[in-house]
Structure formats: structure tokens, C-alpha cells
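Working through the structure, step by step
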Amino acid sequence: MSMYELERISYEKSDSERVSAEDDSALSLLNFLEFDDPNLDRDEALAGILEDDSPYPEVRSAVSNTDDPSMPVSTIRSWTMGFMWAIIIPGLNQFFYLRYPSLQLTGVVGQLLSFPMGRAWARFVPDVKIFGVSINPGPFTIKEHVLITIMATVGYQTAYATDIIAVQRFFYHQTYSFGYQWTMTMSTQLLGFSMGGVMRRFLVEPPSMIWPTNLVTCALFNTLHSTIYIGAGSHSGISRERFFTYIFVGSCVWYIFPGYLFQALSYFSWVCWIFPDNVVVNQLFGYQSGLGMSLLTFDWAQINFIATSPLATPWWAELNVFAGFVFFFWILTPILYYTNTWYAQYLPLLSRSSFDNTGKRYNFSRIITPDVKFNHTAYNEYSPLFLSTTYAMSYGLTFASITATIMHTLMFFRKQIWAQLRRSIEEKTDVHARLMARYRRVPEWWYIVLFVITLFLGVICIEVWPTDFPVWCLLISVFIAFAYMIPVGMVQAITNQQVGLNVLTEVVVGYALPGRPLATMMFKTWGFITMTQALQFASDFKLCHYMKIPPRTMFWAQVCAVIVAGTVQLGVQSWMFSNIPDMCSPDQKNGFICPYMQVFGTASIIWGVIGPQRQFSSGQMYSGLVWFFLVGALCPVIAWVITVKWPSSFVRYISFPVIFTGTALIPPATAINYVPWTIVGFVFQFIIRRRHLSWWMKYNYVLSAALDCGLAIGIVLVFFCLQYPRNGTIGANNIAKWWGNNVFLNTADGKEVSYLPIPESGTFGPTKW
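Not measured: the values here are computed from a predicted model.

**Quick notes on the overall build of the chain**
The secondary structure content of the chain amounts to 31 helices and 4 strands. Here the chain, with 769 residues, has 60% of them falling under the buried criterion. Pairs at least 24 residues apart make up 79% of the contacts formed inside the chain by residues separated by at least 6 positions. Total accessible area on the chain is roughly 30500 Å²; 63% of this is exposed by carbon and sulfur atoms.

In C-alpha cells form, the structure reads like this:
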């Protein structure tokens, strides 16, 4: 049936006309999908619907439209391996998180290594029963594998609350009991999960919420378990399994070059090597403190640093990110810097640090009283706080993203939100929802009980210990997370980009509770991480939706894994502070300088001690950045008006939340992480997808998974075999000293040289502040 015929049926049928159930279902879904979704191609959508599959070719290429309900999922094998990875990966990540250079093991490592372990368990473990349950139920199934990976993934990142604990120890010399640490960590990590019942209707069941990152995970599962899908067989090439093996081995072996033997391949700022002392050239073409116009890197770790694979993010979203990067960092930032706005020429162009009026790192201890309060007199005698131009720009873009997300959702997603509110929970929108209907849902009261328990833990934490954080502020922070959950989730599910609430929460608490750094960190954590964890829950729910995992099993797997992971991370951090000398000191001999904790602590003083009123209020140095709130609110409205007037124009692909938030990791990210990322995305998501669709559907997500897996294993091998042994002295007198590992450091870019020297008076900036 052609598109014309289907549309004619929808408008011309009368009471006497009969339409088949298949056509009627297709019509219903197609009409529902007809909202401002730049991922949707109506012809491709119709092809998928009439094949009883997803309307999105990306999903069809990675996800099966069939299910086997009898396949084992919740087994002793899956839970044992799941808990094992929920201990190992978060524990190692917590250890490396406090070190520079850091190493982060993702859930992909658990996903990859649990496959041979599961196969070995099925082959060698005897088939005996414990309390009537077999410890070896037969072949290792794909659904067991998914459950294990979810438990490995849900808590693999360092719990945000551990930063509060580390900052208290190092910055403010406060060490509270393990009970304080545990209640805060569990509350902040689990509170977002309690919002799952609300999210499911909007962020999981609609087929338009594709969650692109999950497609890479699905492709890897299907490759390992040799599942054949629609679209994969139309290209007559090698099998996915062999393709994955070749790329995985190549990626793993290759990392030794940019990661150890020839690190200039990673920081390939070749123009700076030619002109190492030219400050302007280094500021424009450098990768460490410059704008990265050298364009190239040969390190997948750099390309994939911003946590969204260029092979998984839609091209139109990547183009939005790059457009924002070009305008704000290649055009606006140089204008501000070279006109000496905010006295920027006395500072590096790009830096994650804050500075005083002598050009040195800001010494926060000089403006804090012994009881961790703001010392206004000392502040006036010392210096105002200065930020690099890119750091200040990142704050402005965050301000814009906060308002742009709300307005974009109201303008472009209101149809779908309203439709979801009117739809029955039992009405299934596509084949995957219909297949999931056979499994029992998670009861709403489960979410309510979890919410009450986790909120109660939060209240205990802030009331039993001296935090200066009132309960009403806790409730406001949770409300902020809840209010932004759906808008931010929709943007992330469609574009693969997440809008962070860290700066919004810092602004709110900075004005509400000035001079309270611990309260500032707590408000930020409950407001920001509650939403982040909620979206992690939704993403995993979508993965289970794709892979047909029973929702109740998934719920308990996530909750249990988060509790185990958070407890392990607290234990590891406590051991490190007790046993590693000079922990978090800038000159710690083994590299345990706690770089992320330093940024977190700096933010607590900027927003909690000095306060936003001394940075962004009217008359203050960075007050102009507040206009970004208005810019963020107006831009989506303008784009919506244009799409109403010209619905087929390219403006429908412009997403201002993505433009404003796509570069949110700058700093510490630099252009090396964005420009090559865009180039790779252009090649695979635009050129190859358009010209070689069958190859793309068969291999694209497998390629992304193989590169990620190879990189993860390569990093582990290089670190434990070459960098960690003998206190890091292997290669210290040869490999570490040769040109290929130092050329990018011996430049003005590597040395973070500013455009102007400090005046002879020794200070710069305003005379009063």
C-alpha cells in the first residue's frame, strides 16, 4: 500500500468502508507519530509499520520485532554475575576517578566480559538446585546477558554524592560518619528511580523516544548472540560477528599508540608544532588551552570523550552541536577574548580553573572563615574571581539551555505530551509495546514506597548531621528535578544530548542560601542527580523494552545494583583517604590529585561562598551572561514560528536545547572532543547512511560497540601492564621522553600561555569589587 493510498483511506473512508486491522493500526501509529520529530521519515515509517516493526530504520537495524517469553532471565547465574560487576566496575571507577589521568570502565566492559563467563558457566557448572532453583538453567541467554549488563551499568559512574564527601574532607576538613555518607548517597542515587512510573508513559512507550545510545547496546547483544534482524541481511558482506571481532581487536591494539607510545596522535595539534611559541596560533589551533582548529585526532578516546558516540547520535543533532560550537567558541569566544572582555587576555583562552588578579589559581582558603563561612573583608582585600572566556561562555550556554529546554518542549512536543496524557496505558503504540504487554508492569505503589523511603533518608541525612540545609530546600531541589525530567528526557531520547541542571540548581541555592557551601553542594546534588538518575532509569527501561526484559525483574535489578554500587564506592573512597598519602594534593606522587573533586569544590565556593550575586548580579563582572536566559527562551519560539510558516524548511531540524547544551562539557572538554566527533558523524551518519543504507543498517552500531569495547580493554591493559607497575617508572627514561610524547606539551598551547603578560604592578582587573 502506498503512502498516497494510506492517506486517502484515512480521509475518505465512511461507515460502509472497511479497513483491515493492519491498515487501521498503521494509520493510528502514523498519525500519532506525526509531530515535530526530525528523526521521522514518513516513507521509512510506513515501511516499518506495514512490516509490523518500528517506524524508525535505526531501531529496525538493531532491535528484533519478535520475543520468546519462555527464555530464562532472572536466574542465579544472571544475579550472581550482575552483583559481581556491580561491585567490580563501580569500585574500580571510584579508584580511578580520583586519579589523573583517570580511567572509566563503562558497562560495555561488563557486557563484553560477561558473555564468555556466561558461556563457561553454562558449559562447566553442574546442574544442581539450591532451594529448588537450578544454578545452571541451560544455555546462556541474551536476556540474562541484558540483565547482567543493566546491573553493571546502572551504578558504574561515580556517585555524585561522593564528591560532596571528598570536598568536605579536603576543602573544609569535615569528616562525618559512614551513616551520613550512606544515607546521602542512597537518597541521591535512588530518588530519581522512584519517578519511573511517571516517566514510562512519556519516555519509554512512545516509539519516537528511540534513545539512540541503547541501539549500540542492542546491536552488540545481537551480534554476540548471533541474532538476525530485518535490514541486516540485505548487505552481502562478512557477518556482524566477524566484523565486530576485527574492529574490536584493531581498536584494542591501536590504543597503545595514542595512549602510550605516541601520545601526539591523540593531541594532534600539528599547527602548534610548527609555531610552538606563537601565542595566537596556539590559541586558535591548540587542543589543550586553544580552540582546536587543527581538526584531527587519531584517538577514539578523544572522539568519544563527550559520552555520546558519533555513530549513535543522529546527524541532524550532531550538526546542531557543531553549529553551536562554531558560533559560540570559534566566533563569539575569540571576539570576547581579543577585545579583552572580562580582562580575559591575562588568562588562558581555555581553562577549567579559576584565577585571581595576579593570574594565579584562585586561593579560596583566603576568603573562608574557620567555620566555613564567607569572609567578606578578606575577599575585598584579596581579589575578585576570574574565569577563562570559554569557562564563562559555558555558564552562559547553560543558562540558555535551561530556558530553551522548557520552551522547546512546549512548542514542539506539546502534541505528543497531550496525546500521551489522553492515551490509555493499555493502548500499545508499536510492535515492541505490544510484545511487552504480556509481562506484568511495575505497580505504581512500588514507586511511591521507593520515593518515600529515599526522601526519608535524605531528611535523616540533613537533619541528624550539621549541614545547614533545610528540608524545604530539599523539597525544592527535588521539585526542580521532577519539573525538568520530561522536557530534558524527551530531548535526550531523540537527540542523545542531555541538558544538565547543575548550574540552574547552583543559581537557585546561591541566592536562597548564600554563604553555605555544603548546602549548595547538597541542593545541587539532589536537584541535578535526581533527574540524571531518573533518565538513567528511563534509558534502561527502554533497553529492556527493546530486549523484552520483564519490567519487575528490571526494577529490582536496578535498585539492588545501585545500592551495592554506591556502598562499594563509599568504601573505596574511605579506604583511599585513609591509606594513600597526600590524597587530593596537587603534587600527589601517584597522580591521585582528584581533578573532578577540585572542580566540584571550586564550584561550591563560586556559588556557595562567594555567591552568584557577586558574579552575575547587575553591575558585577559577569552580569551580561544573565541575558542568555532570555536568549534561550526566545530562540525556540522563533524556530517554531518559522516551522509553522514553512513546515518543510530546514529549521525543523534546529534544536536550540541541543545547540546550547551540546558543548556543556567545555571545559574540561576541548575542541579535540567536538570537531573530530562531528567529522566522524558526518561520514557515517550522513554520507554512508544516505548512500549505503544497507551497509549502515548492518554494521554501523556494531562498529560503534566494537570501537568502545576495544578502547575499554585497551585502556585497562595499557594502564595495568605499562603505567601502573613499578610506580609508573616503566618507560619513564625512554618512551616518556621522546618527541612523540612531548611535542604537544612544549608549546604555548600545552603551557596555557595567556595573550597578555601580567602588568608591572602585579595585578589586573577592577580596583573595587
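**Examining the nonpolar core**
By size, the foremost hydrophobic cluster in this structure holds 219 residues, and its most contacted members are Leu-203, Phe-244, Ile-367, Phe-469 and Met-522. A per-element tally of this core places helix H25 (residues 517-547) first, with 18 residues. Leu-203 has contacts with Met-209, Trp-211, Met-485, Ile-486, Gly-489, Met-490, Leu-535 and Ala-538, leaving out every residue within four places of it along the chain. In this structure, Ala-264, Leu-265, Trp-273 and Phe-744 belong to the second largest nonpolar core, which totals 6 residues.

**A short note on the state of the cysteines**
By the definition in use, this model includes 1 disulfide. A sulfur-sulfur separation of 2.0 Å characterises the disulfide bridge that pairs Cys-584 with Cys-594. Its torsion about the S-S bond being -75°, the disulfide of Cys-584 and Cys-594 is classed as left-handed. Of this pair, Cys-584 sits in the loop between helix H26 (551-579) and helix H27 (595-610) while Cys-594 sits in the loop between H26 and H27, and the two are 10 residues apart along the sequence. Residue class for Cys-584 comes out buried when judged on its relative accessible area of 0%. For Cys-594, a relative accessible area of 0% puts it in the buried group. A disulfide-free cysteine, Cys-544 has its sulfur positioned 9.6 Å from the sulfur of Cys-218, the nearest such atom.

**Concerning the confidence of the model for the chain**
If pLDDT is low for a region, its predicted coordinates should not be looked at in detail. Within the chain, residue pLDDT values average 83, and 89% of them lie at 70 or more. Note on residues 228-233: pLDDT under 50 across the span, and 16 contacts to partners over four residues away in sequence or across chains.

**Some points on the packing of helix H5 (residues 76-97) against H26**
It is the contact of H5 with H26, at a shortest axis distance of 8 Å, that shows an interaxial angle of 35°. The handedness of the crossing between H5 and H26 is right-handed. For the contact of H5 with H26, the class distribution of residues is 16 nonpolar, 5 polar and no charged.

**Regarding the packing of aromatic side chains**
Two aromatic rings are characterised by how far apart their centres lie and by the angle between their planes. Taken as a whole and judged by the stated rule, the model has 58 aromatic pairs. With a centroid separation of 5.0 Å and an interplanar angle of 80°, the aromatic rings of Phe-537 and Phe-541 are classed as edge-to-face. Of this pair, Phe-537 and Phe-541 are both found in helix H25, 4 residues apart, which corresponds to roughly one turn of the helix. You'll find Phe-537 and Phe-541 in the same group, each marked buried. Plain terms: the ring middles of Phe-684 and Trp-695 are 6.5 Å apart, the flat faces sit at 35° to each other, and that makes the pair tilted. Taken together, the positions of Phe-684 in helix H30 (residues 675-691) and Trp-695 in helix H31 (residues 693-723) put the pair 11 residues apart, joining distant regions of the chain. The exposure class of Trp-695 is partly exposed, given its relative accessible area of 21%. Grouped by ring-pair contacts, the aromatic residues Phe-193, Trp-445, Trp-446, Tyr-447, Phe-537, Phe-541, Phe-555 and Trp-556 constitute a single cluster. Sitting over the face of the ring of Phe-600, Lys-524 holds its NZ or CZ atom 4.5 Å from the ring centroid.

**Here we look at the side chain of Asn-700**
Assignment of secondary structure puts Asn-700 in helix H31. Within the structure, the side chain of Asn-700 is placed 2.7 Å from the backbone oxygen of Leu-311, a separation counted as a polar contact. Contact partners of Asn-700, with chain neighbours within four places excluded, come to Leu-311, Phe-684, Gln-685 and Trp-695.

**Focus: the pattern of salt bridges**
Evaluated as defined, the whole model comprises 5 salt bridges. Put simply, Glu-144 and Arg-77 hold a salt bridge, and the shortest N to O gap is 2.8 Å. You can see Glu-144 sitting in helix H7 (residues 142-153) and its partner Arg-77 sitting in helix H5, a full 67 residues away along the chain. The pair formed by Glu-144 and Arg-77 is uniform in burial state, with each residue classed as buried. As a salt-bridge pair, Glu-506 and Lys-524 come within 2.9 Å of each other at their nearest N and O atoms. One end of the pair, Glu-506, is in helix H24 (residues 502-512); the other, Lys-524, is in helix H25, with 18 residues separating them in the sequence.

**Considerations on the environment of Ser-64**
Along the polypeptide, Ser-64 turns up in the loop between helix H4 (57-62) and H5. The sequence separation of Ser-64 and Asn-222 amounts to 158 residues, and the corresponding C-alpha distance is 8.7 Å. Looking at Ser-64, its side chain comes within polar contact range of the side chain of Thr-66, at 2.8 Å.

**Things to note about unusual backbone geometry**
Among all residues except glycine, the phi angle is most often negative; among peptide bonds, the trans geometry is most common. Phi is positive for Trp-211, close to 50°, though the residue is something other than glycine. Structurally, Trp-211 is set in the loop between helix H10 (196-204) and helix H11 (212-224). The buried category is assigned to Trp-211, whose relative accessible area is 3%.

**Remarks on the packing of H5 against H7**
Contact pair H5 / H7: the axes reach a minimum separation of 8 Å and the direction vectors enclose 25°. Compared by their axis directions, H5 and H7 come out roughly parallel. As for the relative orientation of H5 and H7, their crossing is right-handed in sense. Where H5 approaches H7, its residues Arg-77, Ser-78, Trp-79, Met-81, Gly-82, Phe-83, Trp-85, Ala-86 and Ile-89 are matched on the opposing element by Glu-144, Leu-147, Ile-148, Met-151 and Ala-152.

Rules behind the numbers
Residues numbered from 1 in each chain as written. Predicted model: local features only at pLDDT ≥ 70, side-chain atom pairs only at ≥ 80, totals over all residues. Heavy atoms only, no water. Helix = DSSP H or I, 4+ residues; strand = E, 2+ residues; numbered from the N terminus. Buried < 20%, exposed > 50% of the residue type's maximum accessible area, 1.4 Å probe, protein only. Contact = heavy atoms within 4.5 Å. Areas by Shrake-Rupley, 256 points an atom, 1.4 Å probe, with all protein chains shown as cover. Core = buried A, V, L, I, M, F, W, Y, C linked by side-chain atoms within 4.5 Å. Disulfide = S-S within 2.5 Å. pLDDT = per-residue confidence, 0-100. Axes fitted to C-alpha atoms, helices over the stretch in contact; angles between N-to-C directions. Left-handed = near helix turned anticlockwise from the far one by under 90°. Nonpolar A, V, L, I, M, F, W, Y, C, P; charged D, E, K, R; others polar. Phe/Tyr/Trp six-rings, centres within 6.5 Å; stacked < 30°, edge-to-face > 60°. Lys NZ or Arg CZ within 6 Å of the ring centre and 35° of its normal. Polar contact = N/O pair within 3.5 Å; in protein donor to acceptor, adjacent residues only side chain to side chain. Salt bridge = Lys/Arg side-chain N within 4 Å of Asp/Glu carboxyl O. Parallel < 35°, antiparallel > 145°, perpendicular 65-115°, else oblique.

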